[in-house]
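# Fold and contact review
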Amino acid sequence: MSEKLDKLMQLKGAIAAGQYTPDGKLVEYKGPTPKEMAEMVTKMVAANTLMGTVEAESFTKISGMRWTPFLGWAVAAGEYAVCVMGNYGVFVRLAEADFNQIFKILREVAGI
């Protein structure tokens with residue numbers, strides 16, 4: 001498993017990477033983040049992923065456009081961004097982030 005996180009940590013600007021379960025439990029992580037914070041972040045990531053799934057299903061029903069299956073998401077604020085796909089996520093410095101590369105590698109790591 002940690003090879004996948006190593007791959008995410010090699011992304012330009014990466015500062016932390018992790019794997020979580022759909023119900024918000026931390027599987028593993030890498031980076032300087034204390035474990036308690038990583039566990040809290042994991043719950044937030046799982047909740048945002050669930051919300052994105054609900055939104056994608058709703059957009060599909062309302063618009064007639066294909067928004068499913070839900071694949072991932074990103075939030076950028078201040079100097080950082082978190083990017084998530086499948087059950088994996090990576091925190092990056094926004095000024096260094098190459099979102100095309102980030103989501104390409106996330107997709108590979110997540111097996112999507």
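So, here's what we can say about the structure. (Residues numbered from 1 in each chain as written. Predicted model: local features only at pLDDT ≥ 70, side-chain atom pairs only at ≥ 80, totals over all residues. Heavy atoms only, no water.)

## Observations regarding the nonpolar core
Formed by 16 residues in total, the largest nonpolar core has its most connected members in L8, L11, Y88, V90, V92, I102 and L106. Contributions of two or more residues to this core are made by helix 1 (2–9), strand 1 (14–20), strand 4 (80–85), strand 5 (88–93) and helix 3 (99–110). Counting residues per element, this core draws most heavily on helix 3, which supplies four residues. Aside from chain neighbours lying at most four places away, what touches L8 is A14, A17, Y88, G89, V90, I105, L106 and V109. Y20, V41, A46 and V82 belong to the second-largest nonpolar core, a separate cluster that totals seven residues. (Core = buried A, V, L, I, M, F, W, Y, C linked by side-chain atoms within 4.5 Å. Buried < 20%, exposed > 50% of the residue type's maximum accessible area, 1.4 Å probe, protein only. Helix = DSSP H or I, 4+ residues; strand = E, 2+ residues; numbered from the N terminus. Contact = heavy atoms within 4.5 Å.)

## Some thoughts on the layout of surface pockets
Here the largest pocket defines a volume of roughly 320 Å³. Lining the largest pocket are 22 residues, and of these A16, A17, T33, V41 and F91 lie nearest its centre. Only strand 1, strand 2 (26–30), helix 2 (35–63), strand 4 and strand 5 provide two or more residues apiece to the lining of the largest pocket. Looking at the lining of the largest pocket element by element, the count peaks at six residues for strand 1. Classifying every residue of the lining of the largest pocket gives 16 nonpolar, five polar and one charged. One number sums up the size of the second largest pocket: a volume of about 180 Å³. As for the second largest pocket, its lining consists of N48, M51, G52, E55, A56, F59, R66, W67, P69, F70, G72 and W73. (1 Å grid on protein atoms, 1.4 Å probe; cavity = no way out; pocket = protein on both sides within 12 Å on 5 of 7 lines; lining within 4 Å. Points joined across faces, edges and corners; volume = space filled by probe spheres on them. Nonpolar A, V, L, I, M, F, W, Y, C, P; charged D, E, K, R; others polar.)

## Examining the side chain of Q19
Inspection of the secondary structure assignment puts Q19 in strand 1. Judged by its relative accessible area of 13%, Q19 is buried. Only 3.2 Å separates the side chain of Q19 from the side chain of Y88, close enough to count as a polar contact. (Polar contact = N/O pair within 3.5 Å; in protein donor to acceptor, adjacent residues only side chain to side chain.)

## Points about the pattern of salt bridges
Applying the stated criterion across every chain yields a total of four salt bridges. The closest approach of N and O atoms between K30 and D6, which form a salt bridge, is 2.7 Å. Remark: D6 occurs in helix 1 and K30 occurs in strand 2; sequence separation between them is 24 residues. Accessibility expressed as a relative area gives 31% for D6, which makes it partly exposed. Measuring nitrogen to oxygen at the nearest pair gives 3.7 Å for the salt bridge that ties K104 to E108. (Salt bridge = Lys/Arg side-chain N within 4 Å of Asp/Glu carboxyl O.)

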